[in-house]
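Structural overview
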2 protein chains.
Amino acid sequence: MNSHVPRRATLAQVAELAGVSTMTASYTFGRPERVSAASREKVLAAARTLGFTAPDPAARSLRRGRAGALGVVLGEHLTYAFDDPQATAFMAGVAEVCAEQGQAMTILPVADATTDVARISAAAVDGYVLWTTEDGAPVVDAAIATGRPVVVHSGPAAAGAHVVGIDNRAAARAIGRLVFAGGTVPAVLSFPLTAARAAAVVAGPDPDDATFPVTRERLLGFRDAADDVGTDWADVLVAVCSTNDAREARAMTQELMSRADRPDALATMSDELASGAFRAIEAAGLHVPTDVALTGWDDAEAARAQGITSVAQSMREQGAACARYALTGTRADFTDQWHIVERASTAR
Amino acid sequence: MNSHVPRRATLAQVAELAGVSTMTASYTFGRPERVSAASREKVLAAARTLGFTAPDPAARSLRRGRAGALGVVLGEHLTYAFDDPQATAFMAGVAEVCAEQGQAMTILPVADATTDVARISAAAVDGYVLWTTEDGAPVVDAAIATGRPVVVHSGPAAAGAHVVGIDNRAAARAIGRLVFAGGTVPAVLSFPLTAARAAAVVAGPDPDDATFPVTRERLLGFRDAADDVGTDWADVLVAVCSTNDAREARAMTQELMSRADRPDALATMSDELASGAFRAIEAAGLHVPTDVALTGWDDAEAARAQGITSVAQSMREQGAACARYALTGTRADFTDQWHIVERASTAR
DNA sequence: CTGTTAGCGCATTCAA
DNA sequence: TTGAATGCGCTAACAG
């Protein structure tokens with residue numbers, strides 16, 4: 001059976017046509033400085049006539065024992081990964097370091113729980129960077145089990161994996177204090193607690209019910225902040241959104257604003273959520289910050305444009321750090337790499 | 001020299017421990033249904049004790065002749081790729097199909113022109129999808145030269161590559177007509193013409209000076225539209241932005257609005273650009289659409305929020321179609337897959 | 001600077 | 001259902 005795809009030429013064929021040994025041909029592509037100009041020309045000419053562009057990557061990987069690629073595991077459905085500006089900033093940082101190190105970047109989308117583990121294990125990569133994972137996600141263990149370096153962004157902590165991220169609890173406590181001081185009825189607009197992504201408004205939820213480490217840590221920090229300002233966490237309304245989406249945030253905030261016990265200080269977990277909240281507050285005929293104090297998170301363009309106080313951190317740098325660690329073992333500590341940018345939304 | 005990284009177990013070692021042949025172990029992972037339950041159990045138990053998670057991907061690729069991955073070439077610096085919502089929507093579509101087909105998605109960032117071609121050629125992928133490429137970009141030829149399937153999004157056309165995208169010229173003509181009819185002094189806010197990304201305001205540039213196919217086609221369409229409304233293209237101001245960025249668009253538009261021959265009908269190449277233009281127009285004390293008619297492109301959230309007329313197309317679907325073509329050969333025609341969404345920004 | 005040898009780990013082919 | 005033999009294409013290690 002003749003395949004219509006022409007079989008690619010091999011290095012051995014190129015060498016034969018060039019009248020040199022296979023190794024000379026190999027060196028021509030892999031370590032050109034070790035080959036005389038004359039041989040190199042002969043080899044390249046032969047390669048050109050045979051349509052040989054580069055040594056077969058699979059054979060090269062097998063022989064060298066390295067894949068030449070870093071795997072990025074998007075721990076959840078793609079919609080949430082590519083739609084989220086923070087996630088894309090993170091990936092841009094990873095990509096930057098990969099390019100700089102001459103490595104490819106392999107996206108390993110998590111799709112079907114029954115096959116994800118196998119796909120992670122079988123990936124042709126030299127290390128893994130994991131984004132947005134739930135506690136106990138099987139993909140984390142699958143990555144660790146391969147024996148290759150694993151970096152997890154913002155938890156969960158796991159033996160055998162390096163964690164990169166800021167101290168979300170401390171940052172949440174700091175910004176929570178700031179916003180809660182601007183009112184008397186604090187509330188929180190939250191990311192989903194679990195991968196089930198249930199949306200709801202609840203009073204004083206147990207932060208430990210959140211299986212997303214980022215959500216949990218920030219809830220813990222907001223609870224700390226409530227304590228700091230003398231409010232009982234049990235009285236604090238937490239509106240949980242199913243996604244990091246301004247529209248949903250707007251709807252949830254609308255609900256909060258129409259309650260008898262209307263909050264007047266709203267801490268949110270992202271600038272997208274804050275942006276939606278801002279619009280809902282104005283739409284309700286209320287004003288930020290006089291009627292409702294408001295904060296976001298990430299110091300994104302939306303926060304700047306709308307004058308929303310936010311937590312600044314660089315996802316791009318964190319992505320780069322994750323990649324650098326996985327590829328070269330270089331450590332970087334981001335624990336304290338955040339600060340609060342105060343804007344009009346929390347002005348007294 | 002002992003590496004601290006433990007050598008991974010091989011299939012042969014697993015087989016030996018399980019007391020079966022290597023092939024039985026191989027089948028257990030590759031085609032489990034062909035192995036008796038008893039053997040399978042023995043093999044899996046042995047694998048577990050040896051920490052063997054999956055057959056070596058490089059060896060498997062070499063033997064099978066397939067990499068199991070699709071390459072996505074981001075034709076330009078990463079900043080522009082991951083910062084652009086359209087690009088990320090496109091990648092989400094590619095990723096979706098890769099996940100569905102059980103393939104990995106390898107991002108091949110273009111970084112250093114001297115090594116890009118080699119990286120493209122040497123990538124362990126079964127096909128290529130190219131995004132945002134300039135005419136004559138060497139990476140296109142490099143991808144084609146590998147003999148693997150190549151799909152280019154929105155041009156440039158090249159022998160051996162399949163092109164996916166809408167008819168940008170026709171769409172530009174249609175929306176250009178609409179916006180230009182809303183005034184008497186038309187102007188255009190454009191993407192960069194070439195990879196040099198020079199920013200400038202020029203009157204009636206030759207569309208063929210643009211080496212980015214998307215830019216060129218849209219300029220051609222806007223020129224058609226100018227003809228349609230009886231305006232000499234040579235009199236049409238084109239403000240060229242260096243990136244697809246609202247801030248830069250705002251500054252460029254501010255410049256346009258302060259001219260004696262102030263435009264009153266502005267066609268832009270994206271909703272980001274339109275969004276920046278909108279703010280500049282309002283900041284100049286003018287009003288959309290009464291003082292200046294305005295259009296965007298892509299029907300993104302920004303256009304919806306600000307009521308900007310736009311060209312709707314699905315980048316996600318186009319990304320999915322590109323991946324599907326490269327992976328399975330399935331064709332899809334997007335030529336006419338666009339429509340105009342009219343909003344207040346072009347209301348008479 | 002160039003060549004020889006050897007084998008990376010696996011799955012196809014064929015036989016039992 | 002299982003197994004033996006073979007070689008995918010390449011490059012490390014070592015001569016010469």
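Before reading on, note that the structure itself is shown above.
Residues numbered from 1 in each chain as written. Chains lettered and ligands numbered in written order. Predicted model: local features only at pLDDT ≥ 70, side-chain atom pairs only at ≥ 80, totals over all residues. Heavy atoms only, no water.

With that out of the way, let us pick up the pattern of salt bridges. Tallied over the full model, the rule gives 25 salt bridges over all chains. With its nearest N and O atoms 2.8 Å apart, the salt bridge here joins R316(A) to E96(A). One end of the pair, R316(A), is in helix α14 (residues 315–328); the other, E96(A), is in helix α6 (residues 85–100), and 220 residues separate them in sequence. Residue class for E96(A) comes out partly exposed when judged on its relative accessible area of 31%. With its nearest N and O atoms 2.8 Å apart, the salt bridge here joins D224(B) to R169(B). In this pair, D224(B) sits in helix α10 (residues 213–228) while R169(B) sits in helix α9 (residues 168–180), placing the two residues 55 residues apart along the sequence. (Salt bridge = Lys/Arg side-chain N within 4 Å of Asp/Glu carboxyl O. Helix = DSSP H or I, 4+ residues; strand = E, 2+ residues; numbered from the N terminus. Buried < 20%, exposed > 50% of the residue type's maximum accessible area, 1.4 Å probe, protein only.)

Of the two same-sequence chains, chain A is brought onto chain B (RMSD 0.1 Å, axial shift 0.1 Å) by a rotation of 180°. Interpreted geometrically, this transformation is the action of a two-fold axis. For chain A, the smallest separation between a C-alpha atom and the rotation axis is recorded for T106(A), amounting to 2.1 Å. A share of 100% of interface residues in chain A that are also interface residues in chain B marks the association as one of identical surfaces. (Least-squares fit on C-alpha atoms with pLDDT ≥ 70 in both. Contact = heavy atoms within 4.5 Å.)

Attention shifts here to the interface of chain A and chain B. Size of an interface: often given as the accessible area lost when the parts come together. Counting residues at the interface gives 39 residues for chain A and 40 residues for chain B. At the junction of chain A with chain B, the criterion picks out 2 salt bridges. For the salt bridge of E301(B) with R247(A), the shortest nitrogen-to-oxygen distance reads 3.1 Å. Here chain A is connected to chain B by 5 residue pairs in polar contact (both at pLDDT 80 or more). Of all the secondary structure elements, the ones that give two or more residues to the side of chain A that touches chain B are α4 (57–64), α5 (78–82), α6, β2 (104–109), α7 (113–122) and α13 (301–306) of chain A. Residue classes in the side of chain A that touches chain B are distributed as 21 nonpolar, 9 polar and 9 charged. Examined bridge by bridge, β2(A) and strand β2 (residues 104–109) of chain B share 3 bridges and lie antiparallel to one another. Residue pairing across strands places T106(A) opposite T106(B), the latter belonging to β2(B). (Polar contact = N/O pair within 3.5 Å; in protein donor to acceptor, adjacent residues only side chain to side chain. Nonpolar A, V, L, I, M, F, W, Y, C, P; charged D, E, K, R; others polar. Pairing = 2+ DSSP bridges.)

This part covers the nonpolar core. Membership of the largest hydrophobic core comes to 56 residues, with the highest contact counts inside it found for M105(A) and M105(B). With near-sequence residues (within four places) excluded, M105(A) lies in contact with L70(A), V72(A), M91(A), V94(A), A95(A), C98(A), F82(B), M105(B), T106(B) and I107(B). In terms of nonpolar packing, the next biggest core, distinct from the first, is built from 46 residues, V238(A), A249(A), L256(A) and L286(A) among them. (Core = buried A, V, L, I, M, F, W, Y, C linked by side-chain atoms within 4.5 Å.)

Further remarks concern the protein's contact with DNA strand D. Neighbouring DNA strand D are 24 residues; L11(A), S26(A), R60(A), T24(B) and S39(B) lie closest to it. Each atom of DNA strand D within 4 Å of the protein was assigned to sugar, phosphate or base; sugar and phosphate come to 65%. R60(A) places a side-chain nitrogen or oxygen 2.6 Å from a phosphate oxygen of DNA strand D. Here a phosphate oxygen of DNA strand D and a side-chain polar atom of S39(B) are 2.4 Å apart. When residues of the surface near DNA strand D are traced back to their parent elements, those giving at least two are α2 (22–30) and α4 of chain A together with α2 (22–30) and α4 (57–64) of chain B. Ranked by the residues each element gives to the surface near DNA strand D, the list is headed by α4(A), at 5 residues. The class makeup of the residues in the surface near DNA strand D is 11 nonpolar, 7 polar and 6 charged. (Near = heavy atom within 4 Å.)

All right, on to the sheet that holds strand β10 (residues 293–295) of chain A then. Residues and elements named next belong to chain A. Across the sheet, which stays open at both edges, the 5 strands sit in the order β7-β8-β6-β9-β10 with mixed pairing between neighbours. Both edges of this open sheet fall to β7 (200–203) and β10, since each of them pairs with a single strand only. Adjacent strand axes in the sheet meet at a mean angle of 15° when their direction is disregarded. Relative to strand β8 (residues 237–240), β7 runs antiparallel, the two sharing 4 bridges. Within the sheet, the bridge partner assigned to A203 lies in β8 and is L237. (Axes fitted to C-alpha atoms, helices over the stretch in contact; angles between N-to-C directions.)

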